[in-house]
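Working through the structure, step by step
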Amino acid sequence: MSIHQTYQFPFASYPAVRIVLLLAAGIIVDYQVDPTLSVWAFIFVCATILYLISEISYHKSLHSRVYTILILSYLGIIISFGGTWHSLWDYRDLPHEAQVINTYTWEELIFSGSIQQIQQTSTGKYQVDVDVDTTIFPDDLIWHKSFKLRAVLNPADHDIPTDLNLGNNITFEATVYPLEDKRNPSQFNYKQYLASQDIYTQVGIQQIISITPVNNIWRWSYFRKQVLNAIDTNFSKESASLAKALLIGYKNELAREEKISFSRAGLSHIMAVSGLHVGFLLFPFWLVIPFFWTLKYGKQIGITLLIIMLFIYAGLTNFSPSVTRASLVGILLAYGKLFHKVRDSKNLTAVAALIILLINPSDLFSIGFQLSFGAVYIILLTAPVIQRWLPAWIRFRWYGKPIMIIIISFIVQIGLFPLLAYYFGEFSLVGPLANAFVIPFLGIAVPLGLALLLIAPFASDLAQTLNYPVDIFLKWLHYFVDFAASLPWSWIQVHVDSLLFFGIWIAIIFLIASLPIPKLRWKFLALLLLVSCLHQGNRVIQKLSPATLNLTFFDVGQGDAALVTTPNNKHFLIDAGRWQPDYNSAKYIIIPHLKEQGIEKLDAIFLSHPHADHIGGILEIIDSIPVDTIYNSGTDYDSQLFKTYNKKAVENNIPIKPLKAGDKIYIDPAIPIFVYGPQESVAQSNVNNRSLVIELIYGDTEFLFMGDAEHRQEENLLKHYPEMIDTDFLKVGHHGSKTSSSSLLLQSTTPQAGVVSLAKRNRFGHPHRQATRLLHKYIPNLYFTSLEGAVQFYSDGENIYKQ
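All figures in this text were calculated on a predicted structure; none of them were measured in a lab.

**Section: the packing of helix α7 (residues 237-248) against helix α20 (residues 468-486)**
Here α7 crosses α20 at 90 degrees, and the two axes come no closer than 9 Å. In terms of orientation, α7 and α20 fall into the roughly perpendicular class. Between α7 and α20, the residues in contact are E238, S239, L242, A243 and L246 and D471, L474, K475 and L477, respectively. Grouping the amino acids of the contact of α7 with α20 by side-chain chemistry returns five nonpolar, one polar and three charged.

Here it is as structure tokens:
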């Protein structure tokens, strides 16, 4: 008689992994559902009581049902603890100090504190992060409370003081700026980002009162400043900025174009000091571990020296979360190696994750946390299998380890594809090859470059001479990155349309890890097939669902921009947002949304008229994404922006087609677009009255876009198209100005919904009170981007719905 045994995964061997997964589940539930702290506390207490009762009962009865209750209550304790812990430390909750300061929004206060970070933005302004210890309110009320803030210093308004350096004390007068939640879909959430850095207040510096140099060697900022000076000494001017980014993560001196090139070459992670750099520091230590085994207290000495080294390195990087995280993982892995617990690497890594989540549960949602631990577990799960596949003549030769390092680098890049695609919308095709080529050299350059920094203060000439090969390598790296990023196939735009894709990714990783275990690999293969079927089924359901017309009205401030996606997956813009020096709406709002949605081409752009608040982002769009055709009003205009976009369109072979009243266009066969203005025979010195006025029709629903048409053009519309302009949805003209939206027009159009696009604070006083009264009178459902942020609608051909 044969006995059939199924493979049982040894969960008991990985207690830390089990606890971290349950803790993370509780954190995710709290983040998504956001129940009150009292609810979590109640669940935690109930689960704990149930666990204690079940524990006592099970020891007496050994009943299987009681054991099941015992296990479930144990799970409930950890999950509810995770939710409770996140609820207590949720960075989205505004601290008391920020609540007090933010009541003085748009008022001037005096702050005093220590400079912790200085960085220059792409617009030329300086962002200065300050640890404030004293605030002076109006009437000379002094408040001694500590908190962090970000101060913005504009060189156009103030000279940059030469002693504006890390660690110095600064006293300044500044205007408190409001920090708002993101206003557009796919827009970078700057407020949330600052909150993750423990910054809840942003101010604009009006006057620097004093700066006091501080030369306290016990401050990390002073130590970091000396290291930056040492890098300037050891490296040439051409490579110093890259060396600062590469060695200690100081990227403030890198140009935006350099950062983009590194990203598209798949090498941006080497400038974000993290696990890779800690690994480089660990490698020499790893080689001498056998030496520590020979000493009486060698294990203790070794782990102590490692902790000191990594603590100093973390301090050099200003204790960035990524380095702190990687250092903790490195210390635990080194502990496992020193104390012969190497087989517990997966568990020790989970212990590191557990410690990090107990310190800051919101770290679970940081890109760095997910990429770091994703990379580590990809290595831990797949590397042993891949190494086993290598032929013996490679594995046991001197070149076996370097080849394995290259292979692992390649696998990690491929393995992190879903996360990179989800967060950045881009994936570097050349990245895996570039990493396999660069990382081995980097493994020598980083430790050597850091070691020679120790010599620079005492023997600068010697340090500079010995550092010459590293300097040459960085210059070569710069040329290599520029070459790799310039290749036409170096990167692709990608879009993750379903979280089930992550399920497929996880199943593939575990399938590779389980290949040596026949009874387990079939289970993961079945799981992979199941998740793949669910993913494909979800795609089929989406395709079979009723086709919709989708409209997104972006909040671009005092301007206009709307994205239309048709039932047959055509995409076009109606206006392109606003422009001002060092800013345009496309760069920060429109392009990120197109990338996030996986839109790789615009089938058309309609520009209602040539004012900068309607064509402001057109240059950025032409540079960023293919465009089939640009339609405009045919009105000439004397502005540099207008002339430049016409020239750039010609250079990129994009036809510009002027439209006039009576034209009809089909971007999508299901969506006829009727043109009601401008009238060809009507000459207007005011370009607003030669706006492109168009109406989209999908089934029984109609959408009328007025551009900046004023009363004169509205009268022409009423004269020539009195019945056709009757619509269901009105894109209100001219930002709610009293010069537009006459009562006659609103009576004739009879819209059920409408959108007014404008900034909350604008120099024109929009929306004018007279216009607002009329709009509310005739449009039942009226939305203002200044109040709502971006507004999204969709139509199924019968009704219009707000998303």
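**Description of the sheet that holds strand β16 (residues 656-658)**
Reading across the sheet, the eight strands line up as β16-β15-β14-β11-β10-β9-β24-β25 and stay open at both edges, with mixed pairing between neighbours. At either end of the open sheet lies a strand with only one pairing partner, and these are β16 and β25 (800-802). In this sheet, neighbouring strand axes are inclined to one another by 20 degrees on average, regardless of whether the strands run parallel or antiparallel. In the sheet, strand β10 (residues 561-565) pairs with strand β11 (residues 571-576) via five bridges, with the strands oriented antiparallel. Paired with T565 across the bridge in β11 is H571.

**Some points on the packing of helix α21 (residues 500-513) against helix α22 (residues 518-544)**
Here α21 crosses α22 at 165 degrees, and the two axes come no closer than 9 Å. In terms of orientation, α21 and α22 fall into the roughly antiparallel class. Judged by the twist between their axes, the crossing of α21 over α22 is left-handed. Contacts between α21 and α22 involve L500, F501, G503, I504, A507, I508, F510 and L511 from the first element and R521, F524, L525, L527, L528, V531, S532, L534, H535 and N538 from the second.

**Focus: the environment of G634**
Residue position: G634 is located in the loop between β15 (630-632) and α26 (640-651). Considered as a pair, G634 and K660 are 26 residues apart in the sequence and their alpha carbons are 7.9 Å apart.

**Quick word on the side chain of N688**
Along the polypeptide, N688 turns up in the loop between β18 (671-677) and β19 (693-698). A polar atom in the side chain of N688 sits 3.3 Å from the side chain of H611. Within the local environment of N688, its side chain forms a polar contact with the side chain of E710, the two groups lying 3.0 Å apart. Not counting residues up to four positions away in its chain, the partners in contact with N688 are H609, H611, D708, A709, E710, Q713 and H734.

**What to know about the packing of aromatic side chains**
Applying the stated criterion across every chain, the model contains 39 aromatic pairs. Positioned above the aromatic ring of Y31, the side-chain terminus of R92 is 4.1 Å from the ring centre. Over the face of the ring belonging to W106 we find R761, whose NZ or CZ atom lies 4.3 Å from the ring centre.

Cut-off values and rules
- Residues numbered from 1 in each chain as written.
- Predicted model: local features only at pLDDT ≥ 70, side-chain atom pairs only at ≥ 80, totals over all residues.
- Heavy atoms only, no water.
- Axes fitted to C-alpha atoms, helices over the stretch in contact; angles between N-to-C directions.
- Helix = DSSP H or I, 4+ residues; strand = E, 2+ residues; numbered from the N terminus.
- Parallel < 35°, antiparallel > 145°, perpendicular 65-115°, else oblique.
- Contact = heavy atoms within 4.5 Å.
- Nonpolar A, V, L, I, M, F, W, Y, C, P; charged D, E, K, R; others polar.
- Pairing = 2+ DSSP bridges.
- Left-handed = near helix turned anticlockwise from the far one by under 90°.
- Polar contact = N/O pair within 3.5 Å; in protein donor to acceptor, adjacent residues only side chain to side chain.
- Phe/Tyr/Trp six-rings, centres within 6.5 Å; stacked < 30°, edge-to-face > 60°.
- Lys NZ or Arg CZ within 6 Å of the ring centre and 35° of its normal.

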